[in-house]
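The residues making up each chain are set out below.
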Amino acid sequence: MTMNSDWLLKNFEQISEAPDAIPRLRRFILDLAVRGKLVEQNPDDEPAVELLKRIEAEKERLSKAGELRKHHTQPLDKEQIAFTIPSAWSWTHLAQIGIINPQNDSEDNAEASFVPMRMIYAEYRQPSEHEIRPWGEIRRGFTHFADGDVGLAKITPCFENGKSTVFRNLTGGIGAGTTELHIVRPIFVVADYILIFLKSSHFIEAGIPKMTGTAGQKRVPKDYFAFSPFPLPPLAEQHRIVAKVDELMALCDKLEAAQAKRERRRDRLVAATLRGLDNGDDSSEPGGHPTLEESARFYFNHLPHLTTHPEHIQQLRQTILNLAVRGQLAPRIVSEGTAESVIEEINSARKKLLAEGKIGRYLPLSPVNGDEVLFAIPSEWRWMRLGDITFCRDGERIPVSREERQHRQGPFDYYGASGVIDKIDAFLFDKPLLLIGEDGANLINRSTPIAFIARGQFWVNNHAHVLDGISEGFLRYVEVFINATDLKPYVTGTAQPKMNQAKMNSIPVALPPLAEQHRIVAKVVELMALCGELEARLTTTATTRRQYLEATISEALAP
């Protein structure tokens, strides 16, 4: 089997949406190339065995002329041969077809190229940049190379990322650079074909287990570079392979650009629709922006097509929360009254708890002023501060060290800033309460919800605020509001972000009537479940696409 651009175009739409599709296709092309499956073989080509004879004769000539140092050789290890190759090809190794780690000879005052590791590219056939320095300055203590030499970055993670290059257009034709390079100077072999082999998945994956050194400083041994089995095609076929790889890599570039354009268009559509929902644009003027209802209907009708990436789901979750706390997610019923009745109920409950000694004395906070109002709310709602509508129970928290918890394992959840972090043998609380993270990077990056309901019998350490309220349903609405709110203005510290009790209590909360709170929470739960289904569908679709891609590649690589 050979591969051509028609095959790639025919199959691309089915496999391009797979995770890592185009980078995987690039590796696929290189693997086909070194297995003799990329271009047709020509029976008129001189077999590789004859090319090897000419290479050996040239090395003998260079040796007699004193231009080639004696190199260590070893026979080909046939047990390391991992696949079959066409009959006109030969298995060999780089040390047989070139000079390993050659030395340059030039005048000290001659200009030469210096190429540090950062200038050696990982992409296929990218030119190496270089600095110009006097040869005498760089000839000692660095690796030598010349125009047409092939360099492999031998240190982790450069090797795993395929960082290798053919050196071209060096000043004076020679250069030197980082010692973390293996170099081969080809003899009668196309340098770019060697580069294809060094970047192939086969060479990299087989080399990773052979790397030596510590975890952070592993290196590819010289023997693996020099004596790993190398599939050598006839010289004419090497040129055809390089040309075909160039053609297909250029096609991958176009496909990648088209895919990126398609993704940008889809991302803009998602962003524009969510922005319309977030802004609550209810303009109904002819030719104007879509109304909120139209934007919502469009988005939810097209969810499966619009949400193609996990970040889309995350954006949708945030939009749902934003709509919920603005009164734009659930229907409003004017006859239910206003939030004043909720405030009265909260104040009554606070007096009762204070009389029973269950909470300490609390001084009402200042009213929410105009500058602090985050957005417009329905007329039946009220802006209140979090500390005025909840009952803080932080004083009942008790931190327990990890060492002590190891000896106190039990059936009760032990909560920290982002949820359950352990189990313990006792509990502090025995009713549904709202926990809000007090410190940690999650206050800024929001990788998990800041606010969450803890139920049953549980323990809380001093990294989560503990809030009680007039009911669990009320606390669930507050949970939604906190998770919809940007908390950065209430967080102090950067290296160790923290939201202290005073800052938390000052957060403005848009408070609806109680019945509307329940409808809002129910709608949020419903839509978050839909988001969960979409996430599961994305995972399933990604798995299916990956399997199709892998099956296609496996079929192409099969003998």
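*Asks:* Sorry if this is basic, but what is going on with the pattern of salt bridges here?
*Replies:* Should the charged atoms of two oppositely charged side chains come close, the side chains can pair. Under the counting rule described, the total for this entry stands at 34 salt bridges. For the salt bridge of R405 with D422, the shortest nitrogen-to-oxygen distance reads 2.8 Å. Of this pair, R405 sits in helix α15 (residues 402-406) while D422 sits in strand β14 (residues 419-424); the two residues are 17 residues apart in sequence, bridging distant segments of the chain. The salt bridge involving D468 is made with K431; its shortest N-O contact spans 3.0 Å. Of this pair, D468 sits in strand β18 (residues 464-468) while K431 is found in the loop between β14 and β15 (433-437), placing the two residues 37 residues apart along the sequence.

*Asks:* Before we go on, may I ask you to explain the side chain of T171 in this structure?
*Replies:* Within the element layout of this structure, T171 appears in the loop between β7 (164-166) and β8 (174-177). Look at T171 and you get buried, because its relative accessible area is 16%. Setting aside chain neighbours within four positions, we find T171 in contact with E111, A112, S113, H130 and I132.

*Asks:* Would you explain the packing of aromatic side chains in this entry?
*Replies:* Each aromatic ring pair is summarised here by two numbers: the centre-to-centre distance and the angle between the ring planes. On inspection of all chains with the given rule, the structure shows 16 aromatic pairs. Between Y193 and F230, the ring centres sit 5.6 Å apart and the planes meet at 80°, which makes this aromatic pair edge-to-face. With a gap of 37 residues between them, Y193 in helix α6 (residues 191-199) and F230 in strand β10 (residues 230-232) connect regions that are remote in the sequence. On the basis of relative accessibility, which here comes to 0%, the residue Y193 falls in the buried class. On the basis of relative accessible area, F230 is assigned to the buried category, the value being 0%. Plain terms: the ring middles of F197 and F203 are 5.1 Å apart, the flat faces sit at 50° to each other, and that makes the pair tilted. For F197, a relative accessible area of 1% gives the class buried. The class for F203 is buried, based on a relative accessible area of 0%. Three or more aromatic residues joined by ring pairs form one cluster here, namely W89, F159, Y193, F197, F203, Y224 and F230. A cation over a ring is seen here: R133 above F114, with NZ or CZ 3.9 Å from the ring centre.

*Asks:* What is the right way to look at the pairing of strand β5 (residues 143-146) in this model?
*Replies:* Side-chain positions along a regular strand alternate between the two faces of the sheet. Residues T143 and F145 line one face of β5 and the alternating positions H144 and A146 line the opposite face, and both faces are buried. One ladder, built from 4 bridges, connects β5 with β8; its direction is antiparallel. Bridge assignment links A146 to a residue of β8, and that residue is I174.

*Asks:* How do you make sense of the sheet that holds strand β12 (residues 391-392) when you look at a structure like this?
*Replies:* Paired through backbone hydrogen bonds, the strands of a sheet run either parallel or antiparallel to each other. The strand order across the open sheet built from 4 strands is β12-β18-β15-β16, with neighbouring strands paired in antiparallel fashion. Bordering the open sheet on either side are β12 and β16 (451-454), each of which pairs with just one other strand. Sheet topology note: the β15/β16 ladder contains 4 bridges and is antiparallel. Pairing of L435 across the sheet is with F452, part of β16.

*Asks:* Is there a simple way to think about the packing of helix α12 (residues 310-324) against helix α17 (residues 472-484) in this case?
*Replies:* Helix-helix packing is described using two parameters, namely the angle between the two axes and the distance between the axes. At a closest axis distance of 9 Å, the pairing of α12 and α17 adopts a crossing angle of 120°. Of the possible angle classes, the one that applies to α12 and α17 is oblique. The element α12 and its partner α17 pack so that their crossing is left-handed. Residues Q318, L321, N322 and A324 of α12 pack against V480, N483 and A484 of α17. The residue inventory of the contact of α12 with α17, partitioned by class, reads 4 nonpolar, 3 polar and no charged.

What counts as what
- Every chain is numbered independently, its residues counted from 1 as its sequence is written.
- Owing to the predicted nature of the model, reporting of local features is limited to residues with pLDDT of at least 70; listing and counting of side-chain atom pairs is limited to 80 or more, with chain, interface and lining totals taken over all residues.
- To obtain the side-chain values, all non-hydrogen atoms of the structure were included, while hydrogens and water were left out.
- Here, a salt bridge means any Lys or Arg side-chain nitrogen found within 4 Å of an Asp or Glu carboxyl oxygen.
- Where helices and strands are cited, they refer to DSSP runs of H or I of at least four residues and of E of at least two residues respectively, numbered from the N terminus.
- Buried residues are those whose accessible area, probed at 1.4 Å on protein chains only, stays under 20% of the maximum for their type, while exposed residues exceed 50% and partly exposed ones sit between those limits.
- Here, two residues are considered to be in contact whenever any of their heavy atoms come within 4.5 Å of each other.
- Classification of ring pairs uses Phe, Tyr and Trp, with its six-membered ring standing for Trp, and accepts pairs whose centres are within 6.5 Å; under 30 degrees between planes counts as stacked, over 60 as edge-to-face, and the remaining range as tilted.
- Note on criteria: charge over ring means Lys NZ or Arg CZ within 6 Å of the ring centre, with the direction from the centre no more than 35 degrees off the ring normal.
- We call two strands paired when DSSP finds no fewer than two bridges between them.
- Under this scheme, a helix contributes an axis fitted over its contacting stretch, all axes are lines through C-alpha atoms, and angles between N-to-C directions fall in the 0 to 180 degree range.
- For classification, angles of less than 35 degrees are called roughly parallel, those exceeding 145 degrees roughly antiparallel, those between 65 and 115 degrees roughly perpendicular, and all remaining angles oblique.
- The crossing is said to be left-handed when, going from far helix to near helix, the turn is anticlockwise and less than a right angle, and right-handed when the turn is clockwise.
- Each residue gets one label: Ala, Val, Leu, Ile, Met, Phe, Trp, Tyr, Cys and Pro are nonpolar, Asp, Glu, Lys and Arg are charged, and the others, such as Gly, are polar.

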